[in-house]
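Breakdown of the fold
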Amino acid sequence: MLSTITESFFGSVALVRHPEEDEKRWLTLWNERRGQHEMIAANRLEQESFRECLDREIAWQLDLRRGKDYIISSMARLHIEQELELPGDSVAQPYIIEFFVTDPYGKTANAALEEQSNTRWLKATEILDGKTETGEPVDPRLVYLLDRFELISRHA
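Summary of the structure given here.

**A word on the pairing of strand 7 (residues 93-104)**
Counting buried positions along strand 7 gives 9 out of 12 residues, so the element sits mostly inside the fold. With 3 bridges connecting them, strand 5 (residues 70-72) and strand 7 associate as antiparallel partners. Its bridge partner lying in strand 7, tyrosine 70 is registered against proline 104. Direction of pairing for strand 6 (residues 78-84) relative to strand 7: antiparallel, over a ladder of 7 bridges. Pairing of glutamine 82 across the sheet is with tyrosine 95, part of strand 7.

Structural data, given as structure tokens:
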């Protein structure tokens, strides 16, 4: 089962950039059960840093080698620690989330990502519009956070 941004989420989200299109396309995973595109999200475990939990989840979800197939930024693009009412929440919930930019590295990683049936590179506009050009939905909780905190730009 894929991780997602659940109520009272305490973890990290990977902003995986396309290796050739920089911040114009972002990697999403299709969640069959929820019927939506999502970014990789990782719940933070007790002894892990926000970055470490994401490293674990990226390697597992994308079947990539840690330290070889991708690079996670050393600093978070954003740290959120506040009560928010995301789509689907009935009341404001406490959230602690860090967003890290991640870059696939090398031909092996890029080929592995292209071969996976559940991955798709979406344009920033598709993500922020909440649906792909073919009408497939993007996680509304993710869309809300990316738009509210201006984490990706429509005009990169």
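Next comes the rest of the account.
**Remarks on the packing of aromatic side chains**
Think of a pair of aromatic rings as described by two things: how far the centres are apart, and how the planes are tilted against each other in angle. This model, assessed by the stated rule, comprises 1 aromatic pair. The aromatic ring of phenylalanine 50 is capped on one face by arginine 44, whose charged end is 4.6 Å from the ring centroid.

Rules and cut-offs
- Residues numbered from 1 in each chain as written.
- Predicted model: local features only at pLDDT ≥ 70, side-chain atom pairs only at ≥ 80, totals over all residues.
- Heavy atoms only, no water.
- Buried < 20%, exposed > 50% of the residue type's maximum accessible area, 1.4 Å probe, protein only.
- Helix = DSSP H or I, 4+ residues; strand = E, 2+ residues; numbered from the N terminus.
- Pairing = 2+ DSSP bridges.
- Phe/Tyr/Trp six-rings, centres within 6.5 Å; stacked < 30°, edge-to-face > 60°.
- Lys NZ or Arg CZ within 6 Å of the ring centre and 35° of its normal.

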